Structures are given as structure tokens and as C-alpha cells.
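Working through the structure, step by step
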Amino acid sequence: MTKKILAVYPGNFDPPTNGHLDIISRASGLFAEVMVAVTNNVNKVHTFTLQEKIDLLQESANHFKNVKIVSFSGLLANYLETINSFVVIRGLRAISDFEYEFQMALMNRKLNKNIETIFLMPDQSYTFLSSSMVKEIAMLGGSTAAFVPKCVEEKLKKYIAILSKNV
Ligand code: PNS
């Protein structure tokens, strides 16, 4: 039996990278509908606002017809219940991601026993890629063109131009 599954890909996306887009593309091919659910991870310092992150994802992922960009606040487990979805997608880049992801998947399942987390591996060329590394490269004057969609690259340049005016 094939079920029409609505899968949710939650994340901080500060900013979205080509690695995130790779996971979105894979999830889009596997599930009937994919919601990319943007939130502000309370454990991280934010560079871009929630709305900026949503806009960047919308621009970068608008060619996937079964993908919607949404936002949520509070617990992911509660949000999933409100939209009647129990499938969470997360990207796994390396073994170093595993412990945190394993903990989060089991905690979400503890909060709601119906939640299943499915891990997708990005193309190996993205295994080294992270939003924080992209920001560091941009801040130190390096090119991020190979790592992020064009709109993110431009947004990073604008962000850095504003920062350098204020120092
Ligand atoms: O991109 P990130 O920072 O790895 O994403 C982590 C995220 C946002 C998916 C996670 O922090 C999350 O689900 N936050 C919502 C609050 C929540 O449910 N926390 C308990 C997770 S076990």
C-alpha cells in the first residue's frame, strides 16, 4: 500500500544552503507533500529573521511543486499534530550529526509516539557544508557562490555591507 504522506522538514535555515536544497529535492521526490518548517532554534544566535529565512527558502525552492515553506514556533511535536503529520525529515551529513539527531528523534517520539524521523543523506559534496560555516566564509570575505542559492549569496553580501557600515 502506498500512502500519500505529508512530510515535514524542520530547521533553523539561517541561512538555507545548497545542502538544505539537496534534502528538499530528495524529500520532494519521495513524499506526496513536503513542508519545510522554519523556526528559530532557541539554542542558536540568529543572523536572519524568520521572515527573511522564509523568503529565501521560497525563492530557492519555488520550482518544487509539492513543497511548501511554512514557519512554526514552540515544540515541533505539537506543530506536527496541528497539521496532522507524523513524518519528520532530517539531513545527516556525517557521523558527527548522528548523536544529536538520534536524541532529537527519540525525544520527539517520546513527546508523540506516532512521530517517525527519516534521515536523508545529502550528496557527498555537501557533507562539509553548514549555515554557520557559510556565514563565517562570507564574513571573512570569501565567496559563498558554490555553497548557497544566488538569493542567499546576495542576502549575505547585503548583510555584511550593513555590518561594515556600522563599525
Ligand atoms: O537546523 P537545526 O538548528 O538543526 O534545527 C533544529 C530544530 C529547529 C529542528 C529543533 O531545534 C526543533 O525542532 N526545534 C523546535 C523546538 C522543539 O521541538 N525542541 C525539542 C526538539 S527534541
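To start, this report covers the structure provided alongside it. The shown structure was predicted, so the numbers you read here are calculated from the model rather than taken from an experiment.

**Considerations on the sheet that holds strand β1 (residues 6–11)**
In space, the five strands of this open sheet follow the order β3-β2-β1-β4-β5, with parallel pairing throughout. In this open sheet, the two strands that pair with only one neighbour each are β3 (67–71) and β5 (116–120). Within the sheet, the average angular offset between the axes of one strand and its neighbour, ignoring direction, is 30°. Strand direction decides the pairing type here: strand β2 (residues 33–38) and β3, joined by five bridges, are parallel. Within β3, the residue paired with Val34 across the bridge is Val67.

**Considering the site of the ligand**
Near the ligand there are 15 residues, and of these Asn12, Asn41, Lys44, Leu76 and Arg90 occur at the shortest range. Between the ligand and Asn41 there is a distance of 2.8 Å, counted from an oxygen atom to a side-chain nitrogen or oxygen. Arg90 is positioned with one of its side-chain polar atoms (N or O) 2.8 Å from an oxygen atom of the ligand. Isolated, the ligand exposes 540 Å² of accessible area, and the fraction of that covered by the protein chains is 81%. Here the ligand is seated within the largest pocket. Among the secondary structure elements, those contributing two or more residues to the shell around the ligand are β1 and α4 (95–111). Class assignment of the residues belonging to the shell around the ligand gives a composition of seven nonpolar, six polar and two charged.

**Let's talk about the packing of aromatic side chains**
Taken as a whole, this structure holds five aromatic pairs when the rule is applied. Ring centres of Tyr9 and Phe13 lie 5.2 Å apart, and the angle between their planes is 85°; on these two criteria the pair is classed as edge-to-face. Judged by its relative accessible area of 4%, Tyr9 falls in the buried class. Taking the centre distance of 6.1 Å and the plane angle of 80° together, the rings of Phe128 and Phe147 count as edge-to-face. Within this pair, whereas Phe128 is found in the loop between β5 and α5 (131–139), its partner Phe147 is found in the loop between α5 and α6 (150–165), the two being separated by 19 residues in sequence.

Calculation notes
- Residues numbered from 1 in each chain as written.
- Predicted model: local features only at pLDDT ≥ 70, side-chain atom pairs only at ≥ 80, totals over all residues.
- Heavy atoms only, no water.
- Pairing = 2+ DSSP bridges.
- Helix = DSSP H or I, 4+ residues; strand = E, 2+ residues; numbered from the N terminus.
- Axes fitted to C-alpha atoms, helices over the stretch in contact; angles between N-to-C directions.
- Near = heavy atom within 4 Å.
- Polar contact = N/O pair within 3.5 Å; in protein donor to acceptor, adjacent residues only side chain to side chain.
- Areas by Shrake-Rupley, 256 points an atom, 1.4 Å probe, with all protein chains shown as cover.
- 1 Å grid on protein atoms, 1.4 Å probe; cavity = no way out; pocket = protein on both sides within 12 Å on 5 of 7 lines; lining within 4 Å.
- Sits in = over half its atoms within 2 Å of the grid points.
- Nonpolar A, V, L, I, M, F, W, Y, C, P; charged D, E, K, R; others polar.
- Phe/Tyr/Trp six-rings, centres within 6.5 Å; stacked < 30°, edge-to-face > 60°.
- Buried < 20%, exposed > 50% of the residue type's maximum accessible area, 1.4 Å probe, protein only.

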